[in-house]
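Structural overview
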Amino acid sequence: MNGLLAILARDLRLASRRPTEALMPVVFFVVAASLFPFGVGPEPAMLKQIAPGIVWVCALLSSMLSLGSMYAGDHADGSLEQMLISGISAVEIAAAKSLAHWFMSGLPLIVVSPLLGLLFDMAPDSIGIMMLGLIIGTPVLSLLGSMGSALTLGLRNNAILILLIVLPLCIPVLIFGAGAVSAYEVGLAPDGHFYLLGALLLLSALGAPVATAAALRISV
Amino acid sequence: MTDLLRAQDLTVRRGTEVLFKALNFELSPGQLVWLRGSNGSGKTSLLRVVAGLARADGGTLHWRGKPIGRADDYRSKLVYLGHTNGLKDDLSAVESLQFLTTLHGRRHSSEKIQSALQRLGVAHRRKLPTRMLSQGQRRRVVLARLALESSAGIWVLDEPFDALDDAGVALVQDLMHENVQRGGSVLFTSHIPIAAAGFPISELRLQGMRAT
């Protein structure tokens with residue numbers, strides 16, 4: 001546990017030393033989502049209908065942005081080696097890095113998502129449902145992303161490869177996350193979607209760090 | 001049971017090429033071993049196996065009679081410094097050392113870290129991000145970890161004298177000597193001759209399989 005906290009604290013401190021880099025995912029999120037009205041036309045009814053999907057797709061893409069450098073920096077400067085021989089289990093390292101990634105690219109998205117909801121004229125209730133979905137769903141993106149990042153560690157041009165590995169795995173999160181809001185808006189209970197998102201979170205929290213750990217041991 | 005590290009029939013390959021095979025050696029308390037060999041003979045690979053970062057393709061590596069992967073107290077004694085420094089560019093020397101020592105379960109106060117940096121002659125730059133230090137200064141920051149150790153440890157050092165000036169080399173030799181006197185052991189590689197160290201050094205030679 002101490003190791004997890006030490007790695008988490010270090011990653012957050014590193015992010016605070018490079019604030020512009022740390023803000024990149026959330027800026028991308030807002031900019032990408034606000035491009036849609038220009039592309040599909042300013043029809044309010046249609047925008048309102050596709051808003052949850054837009055927000056989720058943009059959240060997915062922006063959390064993929066920083067995956068390439070998730071382990072690469074630590075790999076290049078030898079920090080990862082020091083972590084692996086320190087006696088802290090590789091699973092704990094993977095969990096700490098995933099958590100740090102979520103703090104930097106999941107949490108900020110949740111915070112600014114109501115803004116996008118207002119931009120697309122979503123009802124306050126729908127915005128709440130969307131945020132709840134993001135709270136359960138974005139950690140899954142970080143956990144799966146960590147796995148992809150560890151698998152491609154040390155390869156050249158790994159960014160595209162990470163997307164190819166991780167994006168298909170993220171599709172269920174996208175379906176149930178955006179689906180919860182759509183279901184609510186047509187008068188159905190969104191509970192089922194949340195249960196499934198929760199199940200995905202449990203599954204990836206249990207499985208992804210173990211897979212990441214195995215990938216890290218191979219790559220280093 | 002003595003703190004003995006014993007390698008038996010160690011084989012390490014890189015790709016299909018056999019770097020060395022049937023390597024036997026022992027590292028006992030109070031021993032200083034200079035690992036020698038030509039470029040590409042597998043020195044770094046061997047050190048990585050000893051540090052537990054890589055797995056040998058054959059043979060066993062035991063510490064106190066147990067495989068190193070299962071010897072819990074082995075990791076608490078191990079200090080491994082590789083080619084890469086393990087410093088983050090954006091963190092200061094003190095922050096980096098605090099992180100590294102906490103990670104290894106050896107938390108130190110910032111005063112203690114400061115005095116270790118003092119000994120290595122880089123205390124005046126302790127608050128700067130390490131990207132603003134020279135190559136040699138960065139190496140000195142990393143080597144300050146050795147000055148923080150106070151118990152007998154197993155030190156696995158890959159080219160510790162790299163980028164150091166003469167005074168730095170002498171200082172690191174002193175640190176290695178202190179560890180050996182405490183009953184620790186040191187396994188290191190170096191391209192510069194350190195015959196003038198004034199204390200006994202054993203040699204372990206790796207003969208490249210393709211050479212001769």
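For every chain, the first residue of the written sequence is number 1, and numbering continues from 1 along that sequence. Following the order in which they are written, the chains are lettered starting with A and the ligands numbered starting with 1. pLDDT decides what is reported in this predicted model: residues at 70 or higher carry local features, side-chain atom pairs at 80 or more are listed and counted, and totals for whole chains, interfaces and linings draw on all residues regardless.

1. Considerations on the overall build of chain A
Assigned secondary structure in chain A consists of 10 helices and zero strands. We compute the radius of gyration from the C-alpha atoms alone; for a globule the expected value is 2.2 Å times N to the 0.38, where N is the number of residues. Over its C-alpha atoms chain A spans a radius of gyration of 18 Å, differing by no more than 12% from the 17 Å that the globule rule assigns to 220 residues. Expressed along its principal axes, the backbone C-alpha trace of chain A runs to roughly 55 × 35 × 30 Å. Here exposure depends only on C-beta density: within 10 Å of a residue's C-beta, 20 or more other C-beta atoms make it buried, 12 or fewer make it exposed, and intermediate numbers make it partly exposed, the C-beta atoms being placed from the backbone. Looking at chain A as a whole, 47% of its 220 residues qualify as buried. Once local pairs closer than 6 in sequence are excluded, the contacts in chain A between residues at least 24 apart make up 83%. Helix numbers and strand numbers start at the N terminus; a helix is a DSSP run of H or I with at least 4 residues, a strand a run of E with at least 2. By the convention adopted here, residues are in contact when the distance between their C-beta atoms, placed from the backbone, does not exceed 7 Å.

2. What about the sheet that holds strand β7 (residues 154-157) of chain B?
All names here are of chain B. Following DSSP output, two strands are said to pair if at least two bridges run between them. Spatially, five strands are ordered β6-β7-β8-β3-β9 in an open sheet, and the strand pairing comes out parallel. Both outer strands of the open sheet, β6 (78-81) and β9 (202-206), are each paired with one neighbouring strand and no more. The average undirected angle you get between the axes of adjacent strands in this sheet is 15°. Two elements, strand β3 (residues 32-37) and strand β8 (residues 185-189), share four bridges in a ladder whose sense is parallel. Note that in β8 the partner of L32 across the bridge is V186. The convention used is that axes are lines fitted to C-alpha atoms, helices contributing only their stretch in contact, and that angles between N-to-C directions extend from 0 to 180 degrees. With respect to the sheet, helix α1 (residues 43-51) is in contact with β3, β6, β7, β8 and β9, its orientation differing from that of β8 by roughly 150°.

3. Looking at the pairing of β8 of chain B
Residues and elements named next belong to chain B. Along β8, five of the five residues are buried, which leaves the element largely enclosed by surrounding structure. Of the two faces of β8, both are covered, the one formed by S185, L187 and T189 as well as the one formed by V186 and F188. Summarising the sheet, β7 and β8 pair through four bridges and their orientation is parallel. Paired with L157 across the two strands is F188, which belongs to β8. Throughout, right-handed denotes a crossover for which the path from the first strand over the helix to the second runs clockwise when the strands point away from the viewer. A crossover connection joins β7 to the parallel β8 through helix α6 (residues 166-181); in handedness this β-α-β unit is right-handed.

4. Re unusual backbone geometry
All names here are of chain B. At R64, a position not held by glycine, the phi torsion is positive, near 50°. Tracing the chain through its elements places R64 in the loop between β4 (58-63) and β5 (66-67). Despite not being glycine, A163 has its phi angle at roughly 70°, a positive value. With respect to the element layout, A163 can be found in the loop between β7 and α6.

5. Digging into the packing of helix α5 (residues 135-148) of chain B against α6 of chain B
Angle between the axes and distance between the axes are the two parameters that describe a pair of packed helices. All names here are of chain B. Contact geometry for α5 and α6: axes closest at 10 Å, N-to-C directions at 15°. Classified by the angle their axes make, α5 and α6 are roughly parallel. α5 and α6 meet at a crossing whose hand is left-handed. Every residue of α6 that contacts α5 at G136, R140, L143, L146 and A147 is listed here: G168, V172 and L175. Note that Gly is not counted as nonpolar here; it falls among the polar residues with everything else outside the nonpolar set of Ala, Val, Leu, Ile, Met, Phe, Trp, Tyr, Cys and Pro and the charged set of Asp, Glu, Lys and Arg. Classifying every residue of the contact of α5 with α6 gives five nonpolar, two polar and one charged. The scheme is simple: roughly parallel for angles under 35 degrees, roughly antiparallel for over 145, roughly perpendicular for 65 to 115, oblique for anything else. Crossings are sorted by hand: turned counterclockwise from the far helix by less than a right angle, the near helix makes the crossing left-handed, and turned clockwise it makes it right-handed.

6. Looking at helix α1 (residues 2-17) of chain A
The span you would expect from a helix comes to 1.5 Å times its residue count less one. With 16 residues, α1 of chain A ought to run about 22 Å at 1.5 Å a step, and its terminal C-alpha atoms sit 23 Å apart, in line with that. Within α1 of chain A, the full set of buried residues consists of G3, A6, I7, R10, D11 and L14 of chain A. In a view along the axis of α1 of chain A, the buried residues occupy a sector of 125°, so they form one face of it. Exposed residues lying more than 90 degrees from the buried face of α1 of chain A are N2, L5 and S16 of chain A. Where α1 of chain A is buried, its residues meet α5 (79-85) and α6 (90-105) of chain A together with α3 (93-103) of chain B. Directions from the helix axis toward the C-beta atoms define the arc.

7. Some details on the sheet that holds strand β2 (residues 17-27) of chain B
Residues and elements named next belong to chain B. What the four strands build is an open sheet, ordered β2-β1-β4-β5; its pairing is antiparallel. Both edges of this open sheet fall to β2 and β5, since each of them pairs with a single strand only. Across the sheet, α1 touches β1 (5-14), β2 and β4, and the angle it forms with β1 is around 130°.

8. Side note on the environment of I127 of chain A
All names here are of chain A. With respect to the helices and strands, I127 occurs in helix α8 (residues 124-151). A C-alpha to C-alpha distance of 20 Å links I127 and S63, two positions 64 residues apart in sequence. Other than its neighbours up to four places away in sequence, I127 contacts P114, G117 and M122.

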